[in-house]
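Observations on chain architecture
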Amino acid sequence: MSTTNITSCANCGKGEESSINLKSCAACKMVKYCSRECQIVHRPQHKKECKKRAAELHDELLFKQPPHEDCPICFLRMPSLGSAKAYYSCCGKVICCGCIDAAKARNGGYHGLCPFCRTPAPASEEEMVKRNKKRMELNDATAIYNIGSFYFDGEHGLPRNTAKALELWHQAAELGHAESYHNIGIAYDDGDGVEIDEEKAKHYYGLAAMRGRIFARHNIGFVEYKAGNMHRALKHFMIATTGGSKKSLETIKQFYLNGYATKDDYAKALRLYQAYVDEVKSEQRDKAAAFDNDKYY
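1. Regarding a negative patch on the surface
Taken together, the side chains of D189, D190, E198 and E199 present a region of like negative charge at the surface. As for its placement among the helices and strands, E198 is situated in helix 7 (residues 198-210).

Next up, the structure:
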């Protein structure tokens, strides 16, 4: 149902006039009401249709192809693996392994300058934490996430404090940091700092997946698999494969072998994964990976 032609209250029928401010149902956007009272009265007959449409709208967002970022130096698509990129707290940039390695070569093997702004690397853990905290003041989501991770693991001179870590991850997530949502989901999955809650874990995996976190996409696919929702699981694994998840590609292969996916599904997944590899591959990144296994992408 289109919302553009809804000009009257779904309960009392009052028209959309200058004296009446009709508000759409927040969940389904299918109907409008002139007051809270009308919405409550109309709820019993609208509830079923509303729930169905709200689920459809959620799935439209959930299964939409997620965004991806590019390296700010070479402008190639950023690889999904964390080993293939690094965050620099001096300028707040995330740089790919190829550009990091190329900058090192230009500097005669010296790795102490930021490839983007050429600021010297932090001389100590204390300085590194200080730089991240300074970036936090600018609402840098990655810096906020990093400090949260330091608290969660009790690293770099900060005490282990899961409550503080989760607070910071929520703050970073609200600024669009997908990995923060993913980590919150893992915390609920494992019961680390919070009570185990599979529904909340699934919710946060979904938020992370919609923002492009490929490994959260794989996790929510596994959640659907455990629930017996093979079609939904396959859709998640396929999107994750498009974003470079080799684990999801291998899972689709197992789905095919076990009869949960067709041969065409597996062939499509192979093509999607190869397309991802072709998009992120570069001579610089190959050199970086050949020199250092930690930069495998």
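2. As for the pattern of salt bridges
Counted by the stated rule, this structure contains 12 salt bridges. The salt bridge partner of E60 is R53, with a shortest N-O separation of 3.6 Å. Overall, E60 belongs to the partly exposed group, its relative accessible area being 48%. Taking the relative accessible area as the measure of exposure, R53 reaches 24% and is therefore partly exposed. A salt bridge links R77 to E279; its shortest N-O distance comes to 3.2 Å. Taken together, the residues R77 in the loop between helix 1 (36-62) and strand 3 (85-88) and E279 in helix 11 (residues 263-280) connect sequence positions 202 residues apart. In this structure R77 comes out as buried when scored by relative accessible area, which is 13%.

3. Looking at the pairing of strand 4 (residues 93-96)
Direction of pairing for strand 3 relative to strand 4: antiparallel, over a ladder of 4 bridges. Within strand 4, the residue paired with K85 across the bridge is C96. Linking two consecutive strands that pair antiparallel, namely strand 3 and strand 4, is a turn of 4 residues; a positive phi of about 75° is found at G92 within it.

4. Points about the environment of V31
On the secondary structure map, V31 appears in the loop between strand 1 (23-24) and strand 2 (32-33). You can call V31 buried: its relative accessible area is 12%. In this structure, the C-alpha to C-alpha distance between V31 and T7, residues 24 residues apart in sequence, is 9.2 Å.

5. Observations regarding the packing of helix 6 (residues 178-190) against helix 7
Helix 7 packs onto helix 6 with a crossing angle of 165° between their chain directions and a minimal axis gap of 8 Å. Judged by the angle between their axes, helix 6 and helix 7 are roughly antiparallel. Seen along the crossing, helix 6 lies across helix 7 with a hand that is left-handed. Residues A178, Y181, H182, I184, G185, I186, Y188 and D189 of helix 6 form the contact with helix 7, whose participating residues are K200, A201, Y204, Y205, L207 and A208.

6. Looking at helix 12 (residues 283-291)
Looking at helix 12, one finds that the buried residues are R285, A288 and A289. Seen from one end, helix 12 has its buried residues packed into an arc of 95°, which puts them on one side. Exposed and oriented more than 90 degrees from the buried face of helix 12 are E283, K287, A290 and F291. Taken together, the buried residues of helix 12 touch strand 4, helix 2 (97-106) and helix 11.

7. Focus on the packing of aromatic side chains
Per the stated rule, a full pass over the model turns up 10 aromatic pairs. On the basis of an interplanar angle of 70° and a centroid distance of 5.5 Å, the ring pair of F255 and Y260 is categorised as edge-to-face. Looking at Y260, the relative accessible area reads 39%, which means it is partly exposed. Chaining the aromatic ring pairs together yields one cluster made of F222, Y225, F237, F255 and Y260. Over the aromatic face of F152 sits the side chain of R160, whose NZ or CZ is 5.1 Å from the ring centroid. Above the plane of the ring of F63 lies K235, whose end atom (NZ or CZ) is 4.1 Å from the centre.

8. Here's the deal with the packing of helix 5 (residues 162-174) against helix 6
Look at helix 5 against helix 6: their axes get within 8 Å of each other, and the N-to-C directions meet at 140°. Judged by the inter-axis angle, helix 5 sits oblique to helix 6. Where helix 5 crosses over helix 6, the two elements pack in a sense that is left-handed. Along the contact surface, helix 5 presents L166, W169, H170, A172, A173 and E174, while helix 6 presents S180, Y181, N183, I184 and A187. Its residues assigned to classes, the contact of helix 5 with helix 6 shows 7 nonpolar, 3 polar and 1 charged.

Thresholds, definitions, all that
- Residues numbered from 1 in each chain as written.
- Predicted model: local features only at pLDDT ≥ 70, side-chain atom pairs only at ≥ 80, totals over all residues.
- Heavy atoms only, no water.
- Patch = residues over 30% accessible without salt bridge, like charges linked within 9 Å, V, L, I, M, F, W, Y side chains within 5 Å.
- Areas by Shrake-Rupley, 256 points an atom, 1.4 Å probe, with all protein chains shown as cover.
- Salt bridge = Lys/Arg side-chain N within 4 Å of Asp/Glu carboxyl O.
- Lys, Arg positive; Asp, Glu negative; His and termini not counted.
- Charge placed at Lys NZ, Arg CZ, Asp CG, Glu CD.
- Helix = DSSP H or I, 4+ residues; strand = E, 2+ residues; numbered from the N terminus.
- Buried < 20%, exposed > 50% of the residue type's maximum accessible area, 1.4 Å probe, protein only.
- Pairing = 2+ DSSP bridges.
- Axes fitted to C-alpha atoms, helices over the stretch in contact; angles between N-to-C directions.
- Parallel < 35°, antiparallel > 145°, perpendicular 65-115°, else oblique.
- Left-handed = near helix turned anticlockwise from the far one by under 90°.
- Contact = heavy atoms within 4.5 Å.
- Arc of directions from axis to C-beta.
- Phe/Tyr/Trp six-rings, centres within 6.5 Å; stacked < 30°, edge-to-face > 60°.
- Lys NZ or Arg CZ within 6 Å of the ring centre and 35° of its normal.
- Nonpolar A, V, L, I, M, F, W, Y, C, P; charged D, E, K, R; others polar.

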